[in-house]
Amino acid sequence: MAIEVLTIEPGEEAWRVDLRVFEGVYHKERYSVRIVDVPRAPDGWSLDQQKEVVGPYVCHEVTQHMRRGSLPPTGMQIDGEWLWKIED
């Protein structure tokens, strides 16, 4: 896998995650992803715990998007509705 999380920044309206993407035809030193419609994190979760979920979630969503087609050239926006849903 050639997707690396560079930065994760929480926000009021959206989270921003910058990735390094080097996979297949994609060679992007910095690729921005906005996560919108993020629900409130579970009670008691620290910012570090939230980032531990956000990074893999974004990598998974970007990977799935690449498999279905192509990445938008300047960045993408994904829905965060299911961000905190962790399967047991």
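Refer to the structure above for everything that follows.
Predicted model, so just to flag it, every value in this text is computed and none were measured.

1. A few points about the side chain of Gln 50
Here's step 1: Position of Gln 50 relative to the elements: it lies in helix α1 (residues 47-68).
Here's step 2: Residues contacting Gln 50, with those up to four places away along its chain left out, are Trp 15, Ala 41, Trp 45 and Trp 84.

2. Some words on the environment of Leu 47
Here's step 1: The topology assignment puts Leu 47 in helix α1.
Here's step 2: Considered as a pair, Leu 47 and Val 58 are eleven residues apart in the sequence and their alpha carbons are 16 Å apart.
Here's step 3: Excluding residues within four positions of it along the chain, Leu 47 makes contact with Pro 10 and Trp 15.

Definitions and cut-offs
- Residues numbered from 1 in each chain as written.
- Predicted model: local features only at pLDDT ≥ 70, side-chain atom pairs only at ≥ 80, totals over all residues.
- Heavy atoms only, no water.
- Helix = DSSP H or I, 4+ residues; strand = E, 2+ residues; numbered from the N terminus.
- Contact = heavy atoms within 4.5 Å.

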